[in-house]
Each structure stands twice: as C-alpha cells, then as structure tokens.
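Residue-level structure breakdown
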Amino acid sequence: MNAPIGVFDSGVGGLSILQALQRELPNEHFVYMADSAHAPYGERDAAFVQSRSQAIWHTLRDEHHVKALVVACNTATALAIQQLRADHPEVAFFGVEPAVKPAAAISQTQRVGVMATPATLRSEKFTQLLQSLDGHTEFVLQACEGLADAIEQQCQDSNDTAVQTLCETYVHAMGVFGPHAGQIDTLVLGCTHYPFAMPILRNLVGDQVSILETGEPVARQVKKVLQERRLLTDSPQGSVQLLATGEVQRLQSAANRWLPSLQQ
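Residues numbered from 1 in each chain as written. Predicted model: local features only at pLDDT ≥ 70, side-chain atom pairs only at ≥ 80, totals over all residues. Heavy atoms only, no water.

**Considerations on the overall build of the protein chain**
Note the threshold: The numbering of helices and of strands both runs from the N terminus, where a helix is a DSSP run of H or I of at least 4 residues and a strand a run of E of at least 2. Throughout, radius of gyration means the C-alpha value; the globule benchmark is 2.2 Å times the number of residues raised to the power 0.38. For the exposure calls, accessible area comes from a 1.4 Å probe over protein chains only, and a residue counts as buried if that area is under 20% of its type's maximum, exposed if over 50%, partly exposed in between. The contact rule is simple, with two residues in contact once any of their heavy atoms fall within 4.5 Å. Residues scored as positive are Lys and Arg, those scored as negative are Asp and Glu, and His as well as the terminal groups of each chain are ignored. Charge positions come from single atoms, namely NZ of Lys, CZ of Arg, CG of Asp or CD of Glu.
Check the secondary structure of the protein chain and you find 11 helices and 9 strands. Rg of the C-alpha trace for the protein chain: 18 Å, near the compact-globule value of 18 Å for 264 residues, within the 12% margin. Taken along its principal axes, the extent of the C-alpha atoms in the protein chain is 50 × 40 × 35 Å. For the protein chain, buried positions account for 54% of its 264 residues. Residue pairs in contact within the protein chain that sit at least 24 positions apart in sequence constitute 77% of those at least 6 positions apart. Of the side-chain charges in the protein chain, 18 are positive and 27 negative, and the distance between the mean point of each set is 6 Å.

**Observations concerning the pattern of salt bridges**
Stated precisely, the cut-off is as follows: We count a salt bridge whenever a side-chain nitrogen from Lys or Arg sits within 4 Å of a carboxyl oxygen from Asp or Glu.
In this structure the tally under the stated criterion is 8 salt bridges. One salt bridge in this structure joins arginine 250 and glutamate 152, with 3.5 Å as the shortest N-O distance. Taken together, the residues arginine 250 in helix 11 (residues 248-258) and glutamate 152 in helix 7 (residues 147-157) connect sequence positions 98 residues apart. The burial state of arginine 250 is the same as that of glutamate 152; both residues are buried.

**Notes on the packing of helix 8 (residues 161-174) against helix 9 (residues 198-205)**
We apply this condition: Helix axes are fitted only over the stretch in contact, all axes being lines through C-alpha atoms; the angle between N-to-C directions runs from 0 to 180 degrees. Orientation is classified from the angle alone, with under 35 degrees giving roughly parallel, over 145 giving roughly antiparallel, 65 to 115 giving roughly perpendicular, and any other angle giving oblique. For any pair of crossing helices, the crossing counts as left-handed if the nearer helix is rotated counterclockwise from the farther one by less than a right angle, and right-handed if it is rotated clockwise.
The N-to-C vectors of helix 8 and helix 9 enclose an angle of 40°; their axes lie 10 Å apart at closest approach. Between helix 8 and helix 9, the angle is such that the two are oblique. Where helix 8 crosses over helix 9, the two elements pack in a sense that is right-handed. In contact with Val163, Gln164, Cys167, Glu168, Val171 and His172 of helix 8, helix 9 contributes Ile200, Leu201, Leu204 and Val205.

**Section: the layout of surface pockets**
Selection rule: Definitions used for this entry: grid spacing 1 Å over protein atoms alone; cavity, a set of points where a 1.4 Å probe fits but cannot get out; pocket, an open set with protein on both sides within 12 Å along at least 5 of 7 lines; lining residue, one with an atom within 4 Å of a point. Grid points are joined across faces, edges and corners, and a volume is the space filled by probe spheres set on the points. Any residue outside Ala, Val, Leu, Ile, Met, Phe, Trp, Tyr, Cys, Pro, Asp, Glu, Lys and Arg is labelled polar, Gly included; the first ten of those are nonpolar and the last four are charged.
Approximately 340 Å³ is the volume attributed to the largest pocket. Considering the residues around the largest pocket, the lining is formed by 22 residues, among which Gly95, Val96, Glu97, Pro217 and Val218 are closest to the centre. For the lining of the largest pocket, the secondary-structure elements that each account for two or more residues are helix 3 (74-87), strand 4 (92-94), helix 4 (100-106), helix 6 (124-131) and helix 10 (215-228). For the lining of the largest pocket, a count of residues per class yields 12 nonpolar, 5 polar and 5 charged.

**Focus: the sheet that holds strand 9 (residues 239-244)**
Inclusion rule: Between any two strands, at least two bridges found by DSSP are needed for them to pair.
The 5 strands lie next to each other as 4-3-1-2-9, forming an open sheet whose pairing is parallel. Two strands lie at the open edges of the sheet, namely strand 4 and strand 9, each paired on one side alone. Strand after strand, the sheet turns through a mean of 20° between neighbouring axes, direction not considered. Most of the contacts of helix 10 go to strand 4, to which it runs at about 170°, and overall it touches strand 1 (5-9), strand 3 (68-71) and strand 4. Contacts from helix 11 reach strand 2 (29-34) and strand 9 within the one sheet, and its direction differs from that of strand 9 by about 145°.

**Comments concerning the packing of aromatic side chains**
What counts is decided by this rule: Stacked, edge-to-face and tilted are the three classes for Phe, Tyr and Trp ring pairs, Trp counted by its six-membered ring, which pair at centre distances within 6.5 Å; planes under 30 degrees apart are stacked, over 60 edge-to-face, the rest tilted. Charges are assigned to positions over rings by a cutoff of 6 Å between ring centre and Lys NZ or Arg CZ, combined with an angular limit of 35 degrees from the ring normal.
Under the definition given, this model contains 1 aromatic pair. Ring geometry for tryptophan 57 against phenylalanine 93: centres 5.1 Å apart, planes inclined by 70°, an arrangement best described as edge-to-face. Placement of the pair is tryptophan 57 in helix 2 (residues 46-64) and phenylalanine 93 in strand 4, with a sequence separation of 36 residues. In this structure phenylalanine 93 comes out as buried when scored by relative accessible area, which is 5%. Lying over the aromatic face of phenylalanine 48, arginine 44 brings its terminal NZ or CZ to 4.2 Å of the ring centre.

**Details of the environment of aspartate 35**
Stated formally: Under the rule applied, a polar contact is a pair of N or O atoms within 3.5 Å (in protein, one hydrogen donor and one hydrogen acceptor; residues adjacent in sequence only if both atoms are side-chain atoms).
Position of aspartate 35 relative to the elements: it lies in the loop between strand 2 and helix 2. A residue is classified by how much of its surface remains accessible, and aspartate 35, at 0% relative accessible area, is buried. With 212 residues separating them in the primary sequence, aspartate 35 and glutamate 247 have C-alpha atoms 9.5 Å apart. Those residues in contact with aspartate 35, other than ones at most four positions away along the chain, are Asp9, Ser10, Gly11, Tyr41, Arg52, Ile56 and Thr245. Within the structure, aspartate 35 has its side chain in polar contact with the side chain of arginine 52 (distance 2.8 Å).

Following this line, the structure appears as structure tokens:
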C-alpha cells in the first residue's frame, strides 16, 4: 500500500504527467525515472524502445519496489506497454496516448491536429486508435521530429529559440487554425514533452483553439485502479524521488523550472 508509484519517460516530458499525478494523489510516493542516457525515444525503433522499457521496469521493481508503473511516454506506451502487460499481468501498468477520441468529440469543425513523435504516429497502436473512431473527423497528423529533444535541451540552457522555431514550423505545416469551417479547431499534444511548450503553441494557434493533453485523465485512472485494488497509501504526506540513467542535473533543472511545488 505504501510502496511508491513508478513513473518513467525517456526524459523530462513525463514530468507533465507527474504534475497531474501529484495533484490527484498528493499523499502518494513517486519514483520518477528519466532514461536520459537513451533519449529521445521518438526517433528510435520499436525493439530499442521495448528493450529500454523492460530495463526501466526491472530497475523500478527490483530496486524501488514500486506498486504500479505509469509509462509517461507516448512512444513507449505505443511500442512497449502491451508487452509489459503480457509479461506481468499482475501489475497495474498505465500508459498515455494522444487524446484523439475526446478531441473528435469536442471539435466543431471536425478537423483535429495531432502533434506527436514519428514513432508514435507510425505505431500500430496509434493506427488502431484512429481506426476505432467513427470516421467523421479529419485528423491532420504532424510528426514533430526533434521537438522533444529541443525541449530537453531547453532545460539546460533556458533558451527556447529552437523550441519556438520547431513549433512554428510544425504548426504552420498543419494548416490554418481557428473556429471556422475548414479550420483546425482542436490540437492534440501527442507527446508528454509538448505541454512544456504550451505558451508557444497557444500563441501560434490562438485562443479559440482547444489544446488537449493527457495528464489529468491518466491521473484519474491511476487513482481509480489503485482504489479498486486497495493500494492507495495511508501516508500523511507524499514525496518524489527523481532518478536518471544519464545526467540527473537536466531532470532536476526541469523539475525546478516547471514544477516549483515538487516535494523533494
């Protein structure tokens, strides 16, 4: 019950999910692992991502005894979570996936933009997700090569020039955003890094466009399942431990910059 919840991503992007988890489950203990020595995942092949996901799971299970694992990475969810669940059916694994279904439900123009990594967009899991929808919505898919890595680099030098340039390139490539017929009125952020570029993206698409991310729905699902399994902590205060396979300073800098309320 009082064991920690594991959270992992290839880098700092999963902090956007951790932020939502802490709001929903303030008394839980979290161990966050950034696989920064092997980031970014979004431009890697499936076998590599699956291998790294298994390695991170074994580390968090064997060394930190986590009671559940949140795969806070869209690419790892798309390519590896199915195998993790098959190999360890007794464990609660939670993934993140682009919010295309809620986007289709709220779009008035029936044109939805999706920004994601190349690996996520070409994955079978994402293809199946789109095919499960009713087909009335047009999805404009934009592979954002290099954007997650640029957001990672931003943690070190606090320079968002590269992030700004990439966001401009990819948003403009998708077409016209707005509330009118033929325009894209909803934007899905299909990578957990991208919410950290939210001010830039909001400025580019305007105030009349809905921008959807996945942190809050994932946090609610984690709470629901742990409650059903009677695994919610009775600890009076939560905590977070930050770990990285590479340079931990970048992760700490990101936490300090984007999560000032993070309990250390």
